[in-house]
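Tertiary structure, described
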Amino acid sequence: MLTNLEHVGIAVRDLAASNELFAKLLNSPPYKAEAVEAEGVTTSFFRVNESKIELLEATRPDSPIAKFIEKKGEGIHHLAFEVDDIRAEMQRLSGEGFTLLSDEPKRGADNKWVCFLHPKGTNGVLVELCQEIQEGIN
Ligand code: CO
């Protein structure tokens, strides 16, 4: 089950500058900065009540974020929905005809299992499913 809009991911060219900008906008500093080496990104997270904003900066030219910015410029990169059982949702959505970008959940930023849906099947919006990692349980 999708339980809420967990965060909105925004692709930025200069994370340090965007951290300052969003800290002003949201009137609160980022609570976390984290690199996801496998994806070639550095991220930072801001809380907005129950939701979050994730800023993503590429760390190398072949990073998906570098390619996104090259094609579309900075801006909204993905919507992330929290799910209570990521494998069950992956199976449900695949059965509904959506294309998953991985067969297995991957370790993402902010202590989450994540899986993305191909934007071709979702009106051009990259959708992330995420579930909090609870060691020893899932
Ligand atoms: Co995300």
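First, a word on scope: everything that follows refers to the structure included in this document. (Residues numbered from 1 in each chain as written. Predicted model: local features only at pLDDT ≥ 70, side-chain atom pairs only at ≥ 80, totals over all residues. Heavy atoms only, no water.)

1. Remarks on the pattern of salt bridges
We apply this condition: Salt bridge, as applied in this entry: a Lys or Arg side-chain nitrogen positioned within 4 Å of an Asp or Glu carboxyl oxygen. Note on conventions: DSSP H or I runs of at least 4 residues are helices, E runs of at least 2 residues are strands, and numbering of each starts at the N terminus. Buried means the residue's accessible area, taken with a 1.4 Å probe over protein chains only, is under 20% of the maximum for its type, while exposed means over 50%, and partly exposed covers the values in between.
Scanning the entire structure with this criterion turns up 11 salt bridges. A salt bridge links Lys 112 to Glu 132; the nearest nitrogen and oxygen atoms lie 3.2 Å apart. Of this pair, Lys 112 sits in strand β7 (residues 112-117) while Glu 132 sits in strand β8 (residues 126-132), and the two are 20 residues apart along the sequence. For Glu 132, a relative accessible area of 37% corresponds to the partly exposed category. Ionic contacts of the salt-bridge type, sharing partners, join the residues Glu 6, Lys 32, Glu 34, Lys 52, Asp 110, Lys 112 and Glu 132 into one network.

2. Concerning the environment of Thr 122
Note that Thr 122 resides in the loop between β7 and β8. With relative accessibility at 14%, the residue Thr 122 sits in the buried group. Thr 122 sits 24 residues away from Phe 98 along the chain, and the two C-alpha atoms are 7.9 Å apart.

3. Let's talk about the nonpolar core
To keep it simple, the criterion reads: By nonpolar core is meant a set of buried Ala, Val, Leu, Ile, Met, Phe, Trp, Tyr and Cys residues that side-chain atoms within 4.5 Å join together. Residues count as neighbours in contact if any of their non-hydrogen atoms are within 4.5 Å of one another.
By size, the foremost hydrophobic cluster in this structure holds 10 residues: Val 83, Ile 86, Met 90, Leu 93, Trp 113, Cys 115, Leu 117, Val 127, Leu 129 and Ile 133. For this core, the elements supplying multiple residues, two or more each, are α3 (86-95), β7 and β8. The residues contacting Ile 86, other than those within four sequence positions of it, are Pro 105, Trp 113, Val 114, Cys 115, Leu 129, Cys 130 and Gln 131. If you look at the next biggest cluster of nonpolar residues, it comprises nine residues, including Val 36, Phe 68, Ile 69 and Ala 109.

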